[in-house]
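The primary structure of each chain is shown beneath.
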Amino acid sequence: MFQFNLAAKIILVFLAGVLAIVVTFSYQTIRRQQMWDQQWRDTHAETLVEALSPAIAKAYEEGGRVAIQQAVEFYGHSGDHSQDLRWVEPSGEPGSGNIARQVSSITVTNADGTRTAFSYVPLRLEGQEAGAIEVAYSLVDHDHFILESVYASLLSLLAVFSLSTVVIYFAGVRLVGRPLEKLIQQVNDIGEGKLDQPPALRSRDELGELAKAISGMSHRIKVQQDAIRHTSRLSTVGTLAAGVAHELGTPLSVVGGRASLIAGGLLSPDEVKQSAHIIKSEADRMATIIRQLLDFARQQPGTRSRLDLVELCRRTQDLMHPLANKQGIELKLETSRPELWVTGDPLQLQQVVTNLLTNAMDAMPDGGPVKLRLSSSDAEGRIRLEVHDSGSGIDPAHRDRIFEPFFTTKDVGQGTGLGLSIVYGIVQEHGGSIQVESEAGRGTCFQIELPTNADRASVETTT
Ligand code: ADP
């Protein structure tokens, strides 16, 4: 559509120009022709009258005015040219001066629509002005010629119109439409995040320059995006380092303190045993933190394979069942279909489900149902996974922070604050999205959408 509009505009502008040129040219040509014809008639009339002058003078000498009229009419109808000649007598005496001294002419339209041109050549007899000789020229042929010229001009205008329409349309599409289409495609690609593109056109015209500018711009955006990513990575590393120091600091000082007590040798065997237990549990806590940190660091997808999310959730449900049972929680799995396939890393996706279920269970100290729902998403080619709980809900003030590493509202030793940031990272790496809805005191629902990537052939299968 765009191509057509542009080409149509170029055609219209061009044709308007051609029309103006052809019309002006034709008008000038016809006008010049008419002037030239008029001049020819006047000169011809003058020559004719000059040639007849002696005979008219003779007739006047012999027979007076009546003879003049007869002679003029006689000569007018003889010879090669059969113009109508007529003597126009002066209204007064010869010499009264009511006839112009030079040849004059008028054009008259007849009753039948044809036109006649009259040229008047002043006549002098015996040195006196004696009226004029009127020479009448029929303009039938002349007008016919003019009409044909107009037709010829119109015909050539039509030919130029049609030919240039075709030529400009194709040239417009080739030179402007297609290159623009490529540029638009490239700009759209850049908009969708495909940065650092080579120029879409190699032509050495303005469009080529525009393509180079767009490519340069996409390159600069990429460089800046990399710089931003680098900065945000650095800030994440900073946050992580601070978090690790804080999280490991407490158990380490507990371990150190207990170890000093044991080393002091003043403890009873029971107290030594108790300290050893504390050291063990603090060591376990540190191991958990380190394991989760490793999970967080390893967020790029490992192996990708086709997997049935229903089956994966069922397995995770079975694994979590004993723990849930202990807390009086019933884990329910609801699925819209017996199988729902996605492409992803099974271990990472299992971790996502485990982390969400653990959080849901933590939010329900008094027990109750936790629902794991699976369905095809409204968005085509995506699967939705939901974890519903009817627990404490998320405080609105914390909503924006829950995905931050080390953000936790749980007691020391209960949470590391890494669970949701791991979930977020894994979902992102799988090309999915995550949303949360929560109402304080009523419960929380985490919704994850994952692409199905149904094209089995393009998928690396490791199962
Ligand atoms: P952790 O569970 O170790 O605290 P997470 O990153 O998994 O770390 O969660 C961060 C915080 O988000 C939790 O401390 C809690 O406040 C909140 N949260 C996460 N899931 C839920 C849930 N289902 N219900 C209520 N709060 C939740």
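Residues numbered from 1 in each chain as written. Predicted model: local features only at pLDDT ≥ 70, side-chain atom pairs only at ≥ 80, totals over all residues. Heavy atoms only, no water.

Asks: With reference to specific residues and values, describe the environment of Cys445.
Replies: Along the chain, Cys445 falls in strand S11 (residues 443-451). Cys445 sits 56 residues away from Asp389 along the chain, and the two C-alpha atoms are 6.5 Å apart. With sequence-adjacent residues up to four places away left out, Cys445 is seen in contact with Glu386, Val387, His388, Gln435, Val436 and Glu437. (Helix = DSSP H or I, 4+ residues; strand = E, 2+ residues; numbered from the N terminus. Contact = heavy atoms within 4.5 Å.)

Asks: Explain the site of the ligand residue by residue, including any values.
Replies: Around the ligand, a shell composed of 19 residues is seen, among which Asn359, Thr408, Thr409, Lys410 and Leu420 lie nearest. For the ligand, an oxygen atom lies 3.5 Å from a polar atom in the backbone of Gly419. Here Thr444 contributes a side-chain N or O atom positioned 3.4 Å from a nitrogen atom of the ligand. About the coverage of the ligand: the protein hides 93% of its 530 Å² of free accessible area. Of the residues in the shell around the ligand, the class split is 8 nonpolar, 9 polar and 2 charged. (Near = heavy atom within 4 Å. Polar contact = N/O pair within 3.5 Å; in protein donor to acceptor, adjacent residues only side chain to side chain. Areas by Shrake-Rupley, 256 points an atom, 1.4 Å probe, with all protein chains shown as cover. Nonpolar A, V, L, I, M, F, W, Y, C, P; charged D, E, K, R; others polar.)

Asks: With reference to specific residues and values, describe the packing of helix H5 (residues 309-326) against helix H6 (residues 346-362).
Replies: The interhelical angle for the contact between H5 and H6, taken along N-to-C directions, is 40 degrees, at an axis separation of 10 Å. Classified by the angle between their axes, H5 and H6 sit oblique to one another. Like other packed secondary-structure pairs, H5 and H6 cross with a definite hand, here right-handed. Of the residues in H6, those touching H5 at Leu309, Leu312, Cys313, Arg315, Thr316, Leu319, Met320, Leu323 and Ala324 are Pro346, Leu349, Gln350, Val353, Thr354, Leu357, Thr358 and Met361. Along the lines of polarity and charge, the residues of the contact of H5 with H6 split into 12 nonpolar, 4 polar and 1 charged. (Axes fitted to C-alpha atoms, helices over the stretch in contact; angles between N-to-C directions. Parallel < 35°, antiparallel > 145°, perpendicular 65-115°, else oblique. Left-handed = near helix turned anticlockwise from the far one by under 90°.)

Asks: Could you give an account of the sheet that holds strand S1 (residues 84-88), naming the residues involved and the relevant values?
Replies: Read across the open sheet, the 4 strands follow the order S1-S4-S3-S2; overall the sheet is antiparallel. The strands lining the two open edges of the sheet, one partner per strand, are S1 and strand S2 (104-109). Strand-to-strand twist of the sheet, defined as the mean angle between neighbouring strand axes without regard to direction, takes the value 25 degrees. Across 6 bridges, the pairing between S2 and strand S3 (residues 115-125) is antiparallel. Pairing of Thr109 across the sheet is with Arg115, part of S3. (Pairing = 2+ DSSP bridges.)

Asks: Tell me what's going on with the packing of aromatic side chains, and back it up with residues and numbers.
Replies: Summed over the entire model, instances satisfying the criterion amount to 2 aromatic pairs. Aromatic pair Trp40 and Tyr137: ring centres 6.1 Å apart, planes at 65 degrees, arrangement edge-to-face. In this pair, Trp40 is assigned in helix H1 (residues 2-76) and Tyr137 in strand S4 (residues 128-138), connecting sequence segments 97 residues apart. The exposure class of Trp40 is partly exposed, given its relative accessible area of 42%. You can call Tyr137 buried: its relative accessible area is 7%. Ring geometry for Phe403 and Tyr424: centres 5.5 Å apart, planes at 50 degrees, overall tilted. Residue Phe403 is found in the loop between strand S9 (382-389) and helix H7 (419-429), and its partner Tyr424 is found in helix H7; the two are separated by 21 residues along the sequence. Residue class for Tyr424 comes out partly exposed when judged on its relative accessible area of 37%. (Phe/Tyr/Trp six-rings, centres within 6.5 Å; stacked < 30°, edge-to-face > 60°. Buried < 20%, exposed > 50% of the residue type's maximum accessible area, 1.4 Å probe, protein only.)

Asks: Residue-level account of the nonpolar core, with values.
Replies: Counting residues in hydrophobic clusters, the biggest one holds 41 residues, and the most contacted among them are Leu309, Leu385 and Ile448. Of all the secondary structure elements, the ones that give two or more residues to this core are H5, strand S6 (329-335), H6, strand S8 (368-376), S9, H7, strand S10 (433-439) and S11. Residue contributions to this core peak at 7 residues, all from H6. In this structure Leu385 touches Leu309, Cys313, Val353, Leu372, Arg373, Leu374, Phe446, Gln447 and Ile448, once residues within four positions along its chain are discounted. (Core = buried A, V, L, I, M, F, W, Y, C linked by side-chain atoms within 4.5 Å.)

Asks: Could you give me a rundown of the confidence of the model for the protein, with the residues and numbers involved?
Replies: Across the protein, the average pLDDT comes to 84, with 88% of residues at 70 or higher. This model gives residues 93-99 a pLDDT under 50, and the stretch forms 13 contacts once residues within four places in sequence are excluded. Taken as a whole, residues 454-463 scores under 50 in pLDDT and shows 13 contacts with residues more than four places along the chain or in a different chain. (pLDDT = per-residue confidence, 0-100.)

Asks: Explain the side chain of Arg41 to me, using residue names and the numbers behind them.
Replies: With respect to the secondary-structure elements, Arg41 resides in helix H1. The buried charged residue Arg41 lacks any salt bridge, with Asp37 as its nearest oppositely charged partner at 5.0 Å. With near-sequence residues (within four places) excluded, Arg41 lies in contact with Ala117, Ser119, Tyr137 and Leu139. (Lys, Arg positive; Asp, Glu negative; His and termini not counted. Salt bridge = Lys/Arg side-chain N within 4 Å of Asp/Glu carboxyl O.)

Asks: Tell me what's going on with helix H2 (residues 140-191), and back it up with residues and numbers.
Replies: An α-helix turns once every 3.6 residues. As a result, residues three or four positions apart point the same way. The end-to-end C-alpha distance of H2 is 72 Å, a good match for the 76 Å that 52 residues give at a rise of 1.5 Å each. The sharpest bend along H2 comes to roughly 40 degrees, located at Val173. (Expected span 1.5 Å × (residues − 1). Bend = angle between axes of the 7 residues up to and from the residue.)

Asks: Run through H5, naming residues and quoting values.
Replies: Its 18 residues place the ends of H5 26 Å apart at the C-alpha level, agreeing with the 26 Å of an ideal helix rising 1.5 Å per residue. Approximately 45 degrees is the largest bend angle found in H5, and it occurs at Met320, with the proline Pro322 only one to four residues beyond. Of the positions making up H5, those classed as buried are Leu309, Val310, Leu312, Cys313, Thr316, Gln317, Met320 and Ala324. Sitting at the amino-terminal end of H5 is Asp308, which places a side-chain oxygen 3.1 Å from the backbone nitrogen of Val310.

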